[in-house]
Amino acid sequence: MNARFIKSSEKKEILNELNEYYGVSKLPYLLIETGRQRIRAFSGSLSKEEILKLARHANIEIIGLYLASKRDDDIRLNFDAVSLLKDQIKENIVEIDEKQLALWIRGFDLDIKYKRGPVVIKYKDEIVGVGKSNEEKLFNYIPKERKVRTPVPSL
Amino acid sequence: MEYKYQMKPLLKERMQKLLPDEQDFAEYERITHEETRSYIRCNTLKISIEELFSKLSEKWSVKQPFPKHPEIMLVLSDLMPGELGNSLEHTLGYYYIQEISSMLPVLSLNPEPEEFVLDVFASPGSKTTQIAAKMNNTGTLLANDLKIERIKILSSNTEKCGVTNCIITRNDAINLCGNLSKTDFKFDKILLDSPCSGEGIFRSSPKTMNIWNFNVIKGLSKQQKKFISLALKCLKKGGTLVYSTCTHAPEENEEIVDFALNNFPVKIENLSLPLKSRPGITEWNGKTFHKDIIKCARIYPQDNDSEGFFLAKLTLLEELK
């Protein structure tokens, strides 16, 4: 198993960062770090010790959900983790309109000025992804395989 | 009538034996060349059934055909190719596109919150994500498959559906169940949705007709007996195993359940399904099966305008060593 269980002191640091960027205050998960500084969240009932024991009898590939990654001093929430934490996210939310949504879900960056750093994108009552702002533009972090593949409609 | 894909003569002969009524067989043959209907399953880990139904109803005609299973929705609108997979709601993982008969094994297994559940052949993840939703991301779900390409598809689907209670393993099923059977990891429920010859999925995968081969069925039948033998050893006493395939071949269905009933302390349960099903057959090519085999369910495409499926639900009466 190519993973490391995150200690409670590190979990506190991660939570502090998520709180600072997004306003997230609770992470009721077992956190695991895998390659490329990816943090995964596991809500299952097996303890760390039981998972390690299981790993002696089964080839474990993946545990839980890809929650966030730590890159360039930023902590970036994963696309699917956003919906997990959507009730807690209060900071760095950029609201977009229907035209911008049509571009966003097809993987285009948006010409929206916002303060530098990771952002959460919202359309009406939906959180529709995560991105990063360089103050001039919002870079689109929708995973390639999840982008809508139809042409941009004329709105 | 000439179709692009034709049943091989032996397959046709076997299906006619299973469906001796001429009109019934003709109906079966006709429907296997039609596309399936557009069923989806609400991913309750991300959105409520009511909210999704309301959102989808704004763009499509949608109905919930099964009052006991409101998460299952049927899209009645004429859709553009790929339209279901290109909606915002699909991108956000609010629903999973899943053929209705493929939802039945998990409905029969009935996983509950806090349970310890094993999905032996999990990829692509339609049933894994359905199990996780039933468990409300609690308990632990062990989802296994063999090849890394299949694991990637499985994990992409568990991620998309927001599954957090799952541990994905990559093992040969025989090794996994063999190893786990020697430990104190015992499962409340196991889904053994076995690799099979795929006679039930001609509608979505018509090429399967061309690759059908009776020798493959004989080989699969041997393997499936090993799978069920070892999977049963991983169950808790009183635990449930659902055995399912997407094929009609009795060698891969009733013969496997018959093998389990005759060799292990198991009982077969009655199934309560939202689709019309036919009982398991008690005789095939000179073999007579256990009398309780009638409790198995055969799903024929012509009965429900679905794909074909087979399932059986077993309870383990005493823990196996």
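Residues numbered from 1 in each chain as written. Chains lettered and ligands numbered in written order. Predicted model: local features only at pLDDT ≥ 70, side-chain atom pairs only at ≥ 80, totals over all residues. Heavy atoms only, no water.

Caption draft 1: Broad picture of the interface of chain A and chain B. Residue-level contacts link 38 residues of chain A with 37 residues of chain B. In total, chain A and chain B occlude about 3000 Å² of area from one another, counting both sides; carbon and sulfur atoms represent 55% of this. The three residues of chain A that bury the most area against chain B are His57(A), Ile62(A) and Arg146(A), which together make up 19% of that side's buried surface. We note a salt bridge from Arg40(A) to Glu159(B), for which the minimum N-O separation is 2.3 Å. Here chain A is connected to chain B by 21 residue pairs in polar contact (both at pLDDT 80 or more). Secondary-structure elements contributing two or more residues to the side of chain A that touches chain B are strand 3 (38–42), helix 2 (48–55), strand 4 (60–63), strand 5 (65–71), helix 3 (79–84) and strand 9 (126–133) of chain A. (Contact = heavy atoms within 4.5 Å. Buried area = accessible area lost by both parts, 1.4 Å probe. Salt bridge = Lys/Arg side-chain N within 4 Å of Asp/Glu carboxyl O. Polar contact = N/O pair within 3.5 Å; in protein donor to acceptor, adjacent residues only side chain to side chain. Helix = DSSP H or I, 4+ residues; strand = E, 2+ residues; numbered from the N terminus.)

Caption draft 2: The arrangement of empty space enclosed by the protein in detail. Evaluation of the coordinates by the stated rule reveals two cavities of 30 Å³ or more. Taken as a whole, the largest cavity spans an internal volume of roughly 80 Å³. If you go around the largest cavity, the residues you meet are Phe79(A), Asp80(A), Val82(A), Ser83(A), Lys86(A), Ile127(A), Gly129(A), Arg146(A), Lys46(B), Thr91(B), Leu92(B) and Tyr94(B). Where the lining of the largest cavity is concerned, the elements lending two or more residues are helix 3 and strand 9 of chain A. With four residues, the single largest contributor to the lining of the largest cavity is helix 3 of chain A. Sorting the residues of the lining of the second largest cavity by element identifies strand 6 (74–77) and strand 9 of chain A as the ones contributing at least two each. Looking at side-chain class alone, the lining of the second largest cavity contains two nonpolar, one polar and five charged residues. (1 Å grid on protein atoms, 1.4 Å probe; cavity = no way out; pocket = protein on both sides within 12 Å on 5 of 7 lines; lining within 4 Å. Points joined across faces, edges and corners; volume = space filled by probe spheres on them. Nonpolar A, V, L, I, M, F, W, Y, C, P; charged D, E, K, R; others polar.)

Caption draft 3: Expanded view of unusual backbone geometry. Pro124(B) follows Ser123(B) through a cis peptide bond whose omega is 10°. Examined against the element boundaries, Pro124(B) turns out to sit in the loop between strand 5 (116–119) and helix 6 (126–134). Despite not being glycine, Glu135(A) has its phi angle at roughly 85°, a positive value. By the element assignment, Glu135(A) lies in the loop between strand 9 and strand 10 (138–140). Assessed through its relative accessible area of 40%, Glu135(A) is described here as partly exposed. (Buried < 20%, exposed > 50% of the residue type's maximum accessible area, 1.4 Å probe, protein only.)

Caption draft 4: How the structure looks around the nonpolar core. Residue and element names in this part refer to chain B. Judged by nonpolar contacts, the single largest core of 62 residues is most densely connected at Leu232, Leu241 and Val257. No other element matches the six residues that helix 10 (residues 214–232) contributes to this core. Setting aside residues up to four positions removed in sequence, Val257 forms contacts with Tyr243, Ile268, Ile293, Cys296, Phe310, Ala312 and Leu314. One finds Ile40, Ile47, Leu52 and Met73 within the second-largest nonpolar core, a separate group that totals 30 residues. (Core = buried A, V, L, I, M, F, W, Y, C linked by side-chain atoms within 4.5 Å.)

Caption draft 5: The arrangement of the sheet that holds strand 5 of chain A in detail. Residues and elements named next belong to chain A. Read from one edge of the open sheet, five strands run 1-2-3-5-6, paired in antiparallel fashion. Two strands bound the open sheet, and with one partner strand each, they are strand 1 (4–5) and strand 6. By the bridge criterion, four bridges tie strand 3 to strand 5 in an arrangement that is antiparallel. Bridging from a neighbouring strand, Ala41 pairs with Leu65 of strand 5. In the packing of helix 1 (residues 8–22) onto the sheet, the strands contacted are strand 1, strand 2 (30–34), strand 3, strand 5 and strand 6, and the crossing angle to strand 6 comes to about 80°. (Pairing = 2+ DSSP bridges. Axes fitted to C-alpha atoms, helices over the stretch in contact; angles between N-to-C directions.)

Caption draft 6: Representation of the environment of Tyr39(B) in the model. Residue and element names in this part refer to chain B. In this fold, Tyr39 is placed in strand 1 (residues 38–42). Sequence separation of Tyr39 and Asn86 is 47 residues, and the distance between their C-alpha atoms is 15 Å. Beyond its immediate sequence surroundings of up to four residues, Tyr39 is in contact with Pro65, Phe66, Ile72, Met73, Leu74, Tyr96, Ile97, Gln98, Ile100 and Met103.

Caption draft 7: Spotlight on the packing of helix 1 (residues 9–18) of chain B against helix 2 (residues 22–31) of chain B. All names here are of chain B. Across the interface, helix 1 lies against helix 2 with an axial gap of 9 Å and an inter-helix angle of 130°. When the interaxial angle is binned, helix 1 and helix 2 end up oblique. As helix 1 packs across helix 2, the resulting crossing turns out to be right-handed. Contacts between helix 1 and helix 2 involve Lys12, Met15 and Gln16 from the former and Phe25, Tyr28 and Glu29 from the latter. Classifying every residue of the contact of helix 1 with helix 2 gives three nonpolar, one polar and two charged. (Parallel < 35°, antiparallel > 145°, perpendicular 65-115°, else oblique. Left-handed = near helix turned anticlockwise from the far one by under 90°.)

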